[in-house]
Amino acid sequence: MTQKYIDGLMALVIAQARAVKIPVSGDIDPQVRLNRRARTRFGCCIRKNGSYTIELSAKLAEQGREEAVLQVLAHEVLHTCYGCSNHGARWRAYAQRMNEVYGYRVRRTDQYQDLGIEDDRPVRYFVVCQLCGRRIPRMKRSPLVDHPERYRCACGGSLRVEEAGAGQVKNGKM
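Our subject in this report is the structure included herewith. In this text, all values refer to a predicted model and were calculated from it rather than measured experimentally.

### Here we look at the state of the cysteines
Reasoning step 1: Per the stated rule, a full pass over the model turns up zero disulfides.
Reasoning step 2: The thiol of Cys-45 is not disulfide-bonded; the next cysteine sulfur, from Cys-44, is found 7.1 Å away.
Reasoning step 3: Here Cys-153 is not cross-linked by a disulfide; its sulfur's nearest cysteine counterpart is in Cys-155, at 3.8 Å.

Structure representation (structure tokens):
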């Protein structure tokens with residue numbers, strides 16, 4: 001997707017929000033900033049001196065579907081509303097309105113597979129269910145990795161941790 005195309009999508013999202021009486025800021029930079037370094041987030045709303053800049057992951061812009069880009073832009077545009085700098089009740093109500101009217105799935109967080117892009121972050125650990133064999137990739141240490149005995153798989157099985165081998169660098173894929 002080109003910069004011009006993405007900027008047009010953001011203008012569309014802003015117009016959609018205003019059409020359903022969501023009070024988005026009138027001071028949003030019309031040019032979406034593409035972030036080439038973002039690895040764990042797809043978008044960001046930055047407030048500086050009372051105006052807003054929306055960032056979008058370049059990876060999402062390159063690999064994602066138009067629907068996914070619109071959804072992330074809608075998520076970030078909602079953060080420009082008064083009282084919506086977090087994901088509180090007001091932000092959730094506005095997100096629900098956008099979802100109902102325009103068919104988005106705006107929510108607090110999204111996953112790579114939900115947006116249709118490849119997750120190429122290196123996997124360091126797999127948490128493995130002893131009962132069903134499910135393998136849960138983890139990129140870094142966490143309470144789950146450090147203490148799998150405190151958790152259970154969705155099937156009820158106990159968990160153990162394996163370190164990913166040298167060949168297992170992409171989210172569970174060789």
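### Comments concerning helix H4 (residues 89–102)
Reasoning step 1: Its 14 residues place the ends of H4 20 Å apart at the C-alpha level, agreeing with the 20 Å of an ideal helix rising 1.5 Å per residue.
Reasoning step 2: Next to the buried residues of H4 lie helix H1 (3–19) and helix H3 (66–78).
Reasoning step 3: Looking one or two residues past H4, Gly-103 carries a phi angle of roughly 75 degrees, positive in sign.

### Observations concerning the sheet that holds strand E4 (residues 125–129)
Reasoning step 1: Spatially, three strands are ordered E5-E4-E6 in an open sheet, and the strand pairing comes out antiparallel. At either end of the open sheet lies a strand with only one pairing partner, and these are strand E5 (135–138) and strand E6 (159–163). Across the sheet, the axes of successive neighbouring strands diverge by a mean angle of 25 degrees, strand direction being ignored.
Reasoning step 2: As defined by bridge partners, E4 adjoins E5 across four bridges and the pair is classed as antiparallel. For Val-128, the partnering residue across the bridge sits in E5 and is Arg-135.

### Considerations on the sheet that holds strand E3 (residues 51–57)
Reasoning step 1: Read from one edge of the open sheet, three strands run E1-E3-E2, paired in mixed fashion. Looking at the sheet topology across the chains shown, the edges are occupied by strand E1 (33–35) and strand E2 (43–48). Averaged over neighbouring strand pairs, the angle between their axes works out to 30 degrees when direction is ignored.
Reasoning step 2: Judged from the three bridges that link them, E1 and E3 form a sheet pairing that is parallel. Each residue of the ladder has a partner; that of Asn-35, found in E3, is Ser-57.
Reasoning step 3: Contacts from H3 reach E2 and E3, with the element oriented near 150 degrees to E3.

### Section: the side chain of Ser-25
Reasoning step 1: Locating Ser-25 in the fold gives a position in the loop between H1 and E1.
Reasoning step 2: Its relative accessible area of 15% is what places Ser-25 among the buried residues.
Reasoning step 3: Contacts of Ser-25, omitting those with residues within four sequence positions, involve Arg-18, Tyr-52 and Thr-80.

Reading the values: rules and limits
Residues numbered from 1 in each chain as written. Predicted model: local features only at pLDDT ≥ 70, side-chain atom pairs only at ≥ 80, totals over all residues. Heavy atoms only, no water. Disulfide = S-S within 2.5 Å. Helix = DSSP H or I, 4+ residues; strand = E, 2+ residues; numbered from the N terminus. Expected span 1.5 Å × (residues − 1). Contact = heavy atoms within 4.5 Å. Pairing = 2+ DSSP bridges. Axes fitted to C-alpha atoms, helices over the stretch in contact; angles between N-to-C directions. Buried < 20%, exposed > 50% of the residue type's maximum accessible area, 1.4 Å probe, protein only.

No statement about biological role is implied by the geometric values presented.
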